Amino acid sequence: MAQARLVIAVAALSGAASLLGVTSPTLASPDPLAAAAERNDMSTAELRDLMEDPTVQLDHTDKIYYVDPAGEHDHEDDGHSAEEGAADDEGEPQVAQGAPYALDQTFLLHSRPSAPAVIFIDLDGARVAGTAWNSKIPDGDHRGYSLDGDYSTFNDAERTAIQEIWARVAEDYAPFNVDVTTQDPLGSKPGTKALVADSQSAANALCGGGCGGVAYLKVFGSGGTRFQPAWIFPQNLAGGDPKSVAEAVSHEVGHNFGLDHDGYASYGYYSGHGVWAPIMGAGYDRPVTQWSRGEYAGATTGQDDLAIIAGSVPLVADEAGDTPGTASTNLAGTKLITSASDRDVYALGTCNGTFSVFALPPPTAALGPNLDVRLDLLDSAGNVAGSADPPVTMLSRTTARGLSAGLTVPLPSAGPWFVRVDGTGVGTPSDGYSDYASIGSYTLSVTCTPPGGTPPAFPEADSGSVTPGGTSGTKPSAPSKVKARSGKPGGKATASVSWKAPQGGGITGYRVVVMKGPKGSRAMGSPITTAARAKSYVATLRPGRYRFAIAAINAAGMSSPVASKTVIAR
């Protein structure tokens with residue numbers, strides 16, 4: 001567009017000079033992309049190189065935006081196809097069995113509420129008006145995300161899917177001081193909005209109907225809402241499959257931060273190898289997707305994704321030193337590895353017997369972890385007494401095994417002892433991945449088993465499922481004060497249950513089972529796993545009589561369930 005306008009202008013000026021008898025050699029011929037390059041704060045050469053990518057477009061003001069095809073798979077037969085034996089789970093949307101939070105919190109989720117910037121994932125529909133996009137589409141309302149075609153309400157499966165989308169995106173951006181949220185910030189913070197909209201009219205106007213997403217380049221936190229939203233079209237992403245939608249959200253927001261595509265040889269998108277794919281490629285079919293700097297063979301860019309994102313939202317402050325002398329004593333809560341150079345060391349104290357140390361993703365990260373953990377048990381001089389770095393294998397397009405780590409070491413002395421947590425890679429960047437973007441969140445569980453005792457078993461945490469971590473070596477006590485309540489008449493039929501946390505701490509979640517029958521003994525669907533801080537759960541049900549069973553979870557397992565009285569969903 002810019003090139004055409006400038007060529008016409010040059011031709012017109014040349015013609016006018018000829019009519020006036022002015023010799024044309026004195027009239028310079030400007031580079032037709034110069035104005036567009038200046039508009040996008042880059043050199044003409046940089047813009048020319050960028051526009052070799054056919055997905056790069058210029059709008060009516062010469063601002064760059066990307067049009068990303070849906071489900072791009074560029075090379076299935078080049079030696080980089082999915083591992084043999086991995087489950088083929090394409091087709092219907094693959095929704096996780098459990099959600100990290102109670103379902104009534106689905107549109108109130110925040111990854112870092114106090115952060116100064118925000119990534120708002122809008123999934124319940126929105127009005128788009130007065131934006132740069134409205135040069136192509138009229139001001140109007142666009143419906144949101146749905147799996148059943150009813151855009152006015154969200155059932156349990158849809159709320160679970162939305163939480164999975166949010167959790168995957170939140171983990172991609174976990175090392176940065178930005179709040180990934182499903183709650184509209186109402187303009188209170190700078191950032192961007194990712195609109196997940198099943199709007200065929202918008203898709204038709206913006207990309208001819210078949211794209212997975214559309215987003216402006218390098219607009220995060222600038223220009224108000226003029227260059228928002230980044231569009232994601234779930235109808236073109238395996239019918240709203242949560243992993244596919246989440247990959248598209250992180251990808252389109254990446255463009256807003258200024259990231260270009262990770263391609264392969266002559267292909268615009270790299271769909272990965274083994275378990276791994278780059279977020280700015282096409283990671284729909286790989287369980288481990290990470291930011292990249294083009295380390296794999298055939299990479300089309302060496303762009304440093306992490307450095308570019310950190311230019312807009314800085315990394316979170318490190319919570320632990322990297323030597324026994326600077327070790328942290330705080331083992332509780334969620335921790336972060338924020339870069340390849342970040343190593344967290346924690347003081348474990350003394351132990352006469354066997355130390356068991358487990359590093360697991362918290363429930364919010366378990367659906368799509370980016371961190372591949374290595375653990376080292378250290379003495380006070382920094383000598384390694386034991387290590388754990390399990391192999392990573394692909395179970396399916398959504399699930400990998402071996403990203404978490406656990407070690408159990410009989411100790412030669414009482415100590416003191418320390419554990420070092422590090423992000424690690426697999427093989428080489430061309431057949432696995434480096435530690436460049438092996439970053440993200442984890443929790444620690446530590447147990448000292450005296451001589452003659454039985455150390456706890458490592459609770460292997462596969463990605464792609466909400467798998468509890470914890471800080472206790474024994475199963476928790478059961479929740480107390482379990483109380484169920486009937487729903488209020490009118491509107492949706494609901495029933496709810498509340499409980500009090502057991503003593504002892506280390507709780508990472510609660511398992512909630514809804515039961516129906518003459519005596520409330522028949523389970524309704526899959527159990528729900530809540531967040532550690534949850535104290536209640538509201539279920540949307542068919543009208544009838546129900547009971548709830550609640551159990552507490554930590555790293556060692558699950559408590560005995562406690563059943564509620566029978567209540568009425570109405």
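Residues numbered from 1 in each chain as written. Predicted model: local features only at pLDDT ≥ 70, side-chain atom pairs only at ≥ 80, totals over all residues. Heavy atoms only, no water.

### Regarding the state of the cysteines
Which entries qualify depends on this criterion: Cysteine sulfur atoms are paired as a disulfide whenever they fall within 2.5 Å.
The full count for this structure, using the stated rule, is 2 disulfides. Between the sulfur atoms of Cys207 and its disulfide partner Cys211 the distance amounts to 2.1 Å. What sets the handedness of the Cys207 and Cys211 disulfide is the S-S torsion sign, and at about -70 degrees it is left-handed. The connectivity of the disulfides in the protein chain is 1-2, 3-4, where the numbers refer to bonded cysteines in sequence order.

### Concerning the sheet that holds strand β27 (residues 536–540)
What counts, and what does not: Only strands that DSSP links by at least two bridges are regarded as paired with each other. Runs of E in the DSSP output that reach at least two residues are strands. Runs of H or I that reach at least four are helices, and both are numbered from the N terminus. Under this scheme, a helix contributes an axis fitted over its contacting stretch, all axes are lines through C-alpha atoms, and angles between N-to-C directions fall in the 0 to 180 degree range.
The strand order β22-β23-β27 describes an open sheet built from 3 strands, whose pairing is antiparallel. The open sheet is flanked by β22 (480–486) and β27, the only strands paired with a single partner. Taken pair by pair, the neighbouring strands of this sheet meet at an average axis angle of 15 degrees, ignoring direction. Sheet topology note: the strand β23 (residues 494–500)/β27 ladder contains 5 bridges and is antiparallel. Within β27, the position partnered with Ser496 by the bridge is Val538.

### Some remarks on the sheet that holds strand β15 (residues 373–379)
The strand order across the open sheet built from 4 strands is β13-β20-β15-β16, with neighbouring strands paired in antiparallel fashion. Where the open sheet ends on each side, the last strands, each with one partner, are β13 (343–349) and β16 (384–388). Each strand of the sheet is rotated relative to its neighbour by a mean of 20 degrees, with strand direction disregarded.

### What to know about the pattern of salt bridges
Put simply, the rule reads: Basic side-chain nitrogens of Lys or Arg form a salt bridge, by our definition, when they fall within 4 Å of a carboxyl oxygen of Asp or Glu. Think of it in three bands: residues with accessible area under 20% of the maximum for their type are buried, residues over 50% are exposed, and the middle band is partly exposed, with areas taken using a 1.4 Å probe on protein chains only.
One pass over the full model with this rule turns up 10 salt bridges. Where Glu247 meets Lys243, a salt bridge forms, and the shortest distance between an N and an O atom there is 2.8 Å. With Glu247 and Lys243 both in helix α6 (residues 242–257), this residue pair falls 4 residues apart, about one helical turn. Residue Glu247 shares its accessibility class with Lys243, and that shared class is buried. With a shortest N-O distance of 3.6 Å, Asp285 and Arg397 are connected by a salt bridge.

### A word on the side chain of Ser199
Heads up, the rule is: Here a polar contact is taken to be a pair of N or O atoms separated by no more than 3.5 Å, where protein atoms must pair a possible hydrogen donor with a possible acceptor and residues adjacent in sequence count only if both atoms sit in side chains. Should any heavy atoms of two residues lie within 4.5 Å, those residues are counted as being in contact.
Along the chain, Ser199 falls in the loop between β7 (191–196) and α5 (200–207). For Ser199, a relative accessible area of 5% puts it in the buried group. One polar contact links Ser199 to Ser201, side chain to side chain, over a distance of 3.3 Å. What Ser199 contacts, discounting residues up to four positions off in sequence, is His142, Phe233 and Gln235.

### Side note on the pairing of strand β24 (residues 509–516)
Counting buried positions along β24 gives 6 out of 8 residues, so the element sits mostly inside the fold. The sheet contact formed by β24 and strand β28 (residues 544–554) spans 8 bridges and is antiparallel. Bridging from a neighbouring strand, Val513 pairs with Ala549 of β28.

### A short note on the side chain of Glu252
In this fold, Glu252 is placed in helix α6. Non-local contacts of Glu252, meaning those with residues more than four positions away in its chain, are made with Asp68, Gly213, Val214, Ala215, Ala230, Trp231 and Ile232.

### Digging into the packing of aromatic side chains
What counts, and what does not: Pairs were defined over the aromatic rings of Phe, Tyr and Trp, the Trp ring being its six-membered one, requiring ring centres within 6.5 Å. Orientation was assigned from the angle between planes: stacked under 30 degrees, edge-to-face over 60, tilted for the rest. Working rule: Lys NZ or Arg CZ, within 6 Å of ring centre, within 35 degrees of ring normal, means a charge sits over the ring.
Going through the model one piece at a time under the given rule, you end up with 16 aromatic pairs. Members of the aromatic cluster, connected to one another through ring pairs, are Tyr264, Tyr267, Tyr270, Trp276 and Tyr296. The side chain of Lys63 reaches across the aromatic face of Phe227, ending 5.5 Å from its centre.

### Quick word on helix α4 (residues 156–172)
Rule in force here: Expected helix span is computed as 1.5 Å times (number of residues minus one).
The terminal C-alpha atoms of α4, which comprises 17 residues, lie 24 Å apart, in line with the 24 Å expected from a rise of 1.5 Å per residue. Extensive coverage of α4 is indicated by the burial of 15 of its 17 residues. Capping the start of α4 is the job of one residue whose side-chain oxygen sits 3.1 Å from the backbone nitrogen of Ala157: Asn155.

### Things to note about unusual backbone geometry
The step from Gln228 to Pro229 runs through a cis peptide bond, and the omega angle for that step is 0 degrees. Structurally, Pro229 can be placed in the loop between β8 (211–216) and β9 (230–232). For the bond from Gly415 to Pro416, the omega torsion is 20 degrees, close enough to zero to count as cis. With respect to the secondary-structure elements, Pro416 resides in the loop between β19 (405–410) and β20 (417–423). A positive phi is found at Lys218, a non-glycine position, where the angle reads about 60 degrees. The residue Lys218 is located in the loop between β8 and β9 in this model.

Geometric values such as these leave the question of function open.
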